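Here are the chains, one letter per residue:
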Amino acid sequence: MKFSKFVAYGSYLPKKILTNKDLEQIFDTSDEWIQTRTGIQQRHIVEEGQKTSDLAFAAAQDALGDNDSLKNQIDLILVATTTPDKIFPSVACAVQRKLNLKNIPAFDIQAVCSGFIYALATADSFIRSGVYKKILVIGADSMSTITDYSDRSNAILWGDGAGAVIVEASDEPGIIKNIINSNGEHEELLHVPRESKENQPNTIEMQGNAVFKIAVNTLDQIVDETLKGSGYEKKDIDWLVPHQANIRILQATAKKLDMSMDHVIVTINKHGNTSAASIPLALNEGIKTGRIQKGQLILMEAFGGGFTWGSSLVRI
Ligand code: UT7
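Described below are features of the structure shown in this document. (Residues numbered from 1 in each chain as written. Predicted model: local features only at pLDDT ≥ 70, side-chain atom pairs only at ≥ 80, totals over all residues. Heavy atoms only, no water.)

Things to note about the overall build of the protein chain
Secondary structure assignment for the protein chain yields eleven helices and 13 strands. In terms of C-alpha radius of gyration, the protein chain reaches 18 Å, essentially the compact-globule figure of 20 Å for 316 residues. When its C-alpha atoms are laid out on the principal axes, the protein chain stretches across 55 × 45 × 40 Å. Taken across its 316 residues, the protein chain has 56% of its residues classed as buried. Of the roughly 13800 Å² that the protein chain leaves accessible, carbon and sulfur atoms contribute 48%. Of note, the protein chain has its 32 positive side-chain charges centred 4 Å away from the centre of its 38 negative side-chain charges. (Helix = DSSP H or I, 4+ residues; strand = E, 2+ residues; numbered from the N terminus. Rg over C-alpha atoms; globule rule 2.2 N^0.38 Å. Buried < 20%, exposed > 50% of the residue type's maximum accessible area, 1.4 Å probe, protein only. Areas by Shrake-Rupley, 256 points an atom, 1.4 Å probe, with all protein chains shown as cover. Lys, Arg positive; Asp, Glu negative; His and termini not counted. Charge placed at Lys NZ, Arg CZ, Asp CG, Glu CD.)

Following this line, the structure appears as structure tokens:
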């Protein structure tokens, strides 16, 4: 079994919606500015008491449906998240408990917005090496819980949600190529400091403009790097399923691929930036609306805090 193939998809978005109009009531901004600069119209955010593991569990349930046989074959749970319920234990262990699965390993992966790609690359390695055969991979984040709603240049971006896939060992592709990478030199450009301001929760600090430029350049390079030696060219890619950070970043990557925006799955307008959840949420949207079809080639790519970045080229 050479490949990891996607066999199930799930997603969950919290019911509560925060619109640009709602943000106009909190700080000096406008729906027009937010839509023009980011492409975002609204984001879903958790209710009081709703945790990242609740979102992750709901996405896993959506992927599994009532297929208990599939559930009982899962031999590893990976959760990409930056907003765990607790410092420990992991969200993955909470999902394992909620799914009532016993005696399988479960752990979190923290690579911020690139987390889902990191988790997928980890799952793929376990499958290719023959260690595990069926892996539940989740991206889940509650970014609203680490957002400073007095920082207008930053608070407009973030949303909450979760997406899940189940990957299994297969003779057919599957995941064709993954790239993961990092550079810790610029951590102050995008981070959540450990020390909190007095009586304030720790929140995201980002120099958006600087991050934007590095993100566009890095994603530009990763397109070439992913295709190199893969046996595929730009024109072979049916869908770009990108991390949803800013519509202008998505447009720049599509341009690099000579791809029309009709072949890009865009969810940022409805979801905002949900960090590790954004790619699996977009993937779900593409699959469940019937736009992404079996046999098609998709490119997923992400850039985020760390800095971390990565990509996966996948035959659906
Ligand atoms: O997912 C992880 C990676 N993250 C990213 O890739 C995020 C990358 N960064 C971005 O998406 C953008 O930098 C932002 C959306 C965060 C900000 O957009 P920008 O075009 O870079 O705006 P800016 O920070 O350069 O600010 C431009 C102007 C400033 O006014 P002046 O100084 O030109 O008068 C800001 O004060 O826009 C002003 N501004 C706002 N105005 C209305 C900043 N935020 C707002 C706002 N509403 N919410």
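There's plenty left to go through after this.
Here's the deal with the layout of surface pockets
Its volume calculated, the largest pocket comes out at about 1000 Å³. What lines the largest pocket is a set of 40 residues, among which Thr 82, Thr 83, Ile 146, Val 192 and Asn 202 lie closest to the centre. Split into classes, the residues belonging to the lining of the largest pocket amount to 18 nonpolar, 14 polar and eight charged. Two domains each provide a minimum of three residues to the lining of the largest pocket, namely domain 1 (3-170) and domain 2 (175-315). Estimated volume of the second largest pocket: approximately 520 Å³. In this structure, the second largest pocket is lined by 30 residues; those nearest its centre are Leu 157, Met 206, Gly 208, Phe 212 and Asn 246. Elements that contribute at least two residues to the lining of the second largest pocket include exactly α2 (31-38), α7 (152-155), α8 (208-227), α9 (247-256) and β12 (297-304). In terms of residue count, the dominant contributor to the lining of the second largest pocket is α8 (seven residues). Split by residue class, the lining of the second largest pocket holds 17 nonpolar, nine polar and four charged. The residues that make up the lining of the second largest pocket include at least three from each of domain 1 (3-170) and domain 2 (175-315). (1 Å grid on protein atoms, 1.4 Å probe; cavity = no way out; pocket = protein on both sides within 12 Å on 5 of 7 lines; lining within 4 Å. Points joined across faces, edges and corners; volume = space filled by probe spheres on them. Nonpolar A, V, L, I, M, F, W, Y, C, P; charged D, E, K, R; others polar. Domains from an automatic or database assignment.)

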